[in-house]
Amino acid sequence: FRSPRSELLKVAREQQTGRILAYTWAIRGERTPWSDDEMICAKMAHVDLSLPTRQRLRLVTGMVLEWENWARLCEVPVICSTTMRRDQSGFLELHRRLGYDVRGSYAYKRLQER
């Protein structure tokens, strides 16, 4: 039995057809070697690339905000998001605009002060 607060899975579907437009998966309980703080780690953020750019941006922004809301609900102070895409500049710039500290292909955000 797993706690409902151990993983987050959200799917965005087109209302008329039910077609999957985007989905995200995040887990909690992760830690880095240099910190004792628990983290929410985004494992996947996928958007249908055939969608218009504005719609893709809205969907990814919604995913990041969903991670933050879930982290607050779970009282987890740090979020980590990473990417391995070749073209990662737009994804990471979105994180920067949302207050994340971007280091290489990793983006971190502390939601709660110590």
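**A word on helix H2 (residues 89–97)**
Part 1 of the argument: Listing the buried residues of H2 in full gives Phe91, Leu92, Leu94 and His95. Buried residues along H2 cover an arc of 150° about the axis, so they all sit on one side. Away from the buried face of H2 by more than 90 degrees, exposed residues Ser89 and Arg97 are located.
Part 2 of the argument: Looking at the buried positions of H2, the neighbouring elements they touch are strand S3 (39–47), helix H1 (53–74), strand S4 (78–82), strand S5 (101–103) and strand S6 (106–110).
Part 3 of the argument: The first or second residue beyond H2 is Gly99, which carries a positive phi of 95°.

**Observations concerning the packing of H1 against H2**
Part 1 of the argument: Interhelical geometry of H1 versus H2 gives an angle of 50° and a closest axis separation of 11 Å. Classified by the angle their axes make, H1 and H2 are oblique. Relative to H2, the crossing made by H1 is right-handed. From H1, Leu57, Val60, Thr61, Val64 and Trp67 reach across to H2, where they touch Phe91, Leu94 and His95.

**So, the sheet that holds strand S2 (residues 20–30)**
Part 1 of the argument: With mixed pairing, six strands are arranged side by side in an open sheet as S1-S2-S3-S4-S6-S5. Two strands close off the open sheet at either side, each with one partner strand: strand S1 (7–13) and S5. With strand direction ignored, the average angle separating the axes of adjacent strands in the sheet is 20°.
Part 2 of the argument: Bridging between S5 and S6 involves three bridges; their strand directions are antiparallel.

Cut-off values and rules
Residues numbered from 1 in each chain as written. Predicted model: local features only at pLDDT ≥ 70, side-chain atom pairs only at ≥ 80, totals over all residues. Heavy atoms only, no water. Buried < 20%, exposed > 50% of the residue type's maximum accessible area, 1.4 Å probe, protein only. Helix = DSSP H or I, 4+ residues; strand = E, 2+ residues; numbered from the N terminus. Arc of directions from axis to C-beta. Contact = heavy atoms within 4.5 Å. Axes fitted to C-alpha atoms, helices over the stretch in contact; angles between N-to-C directions. Parallel < 35°, antiparallel > 145°, perpendicular 65-115°, else oblique. Left-handed = near helix turned anticlockwise from the far one by under 90°. Pairing = 2+ DSSP bridges.

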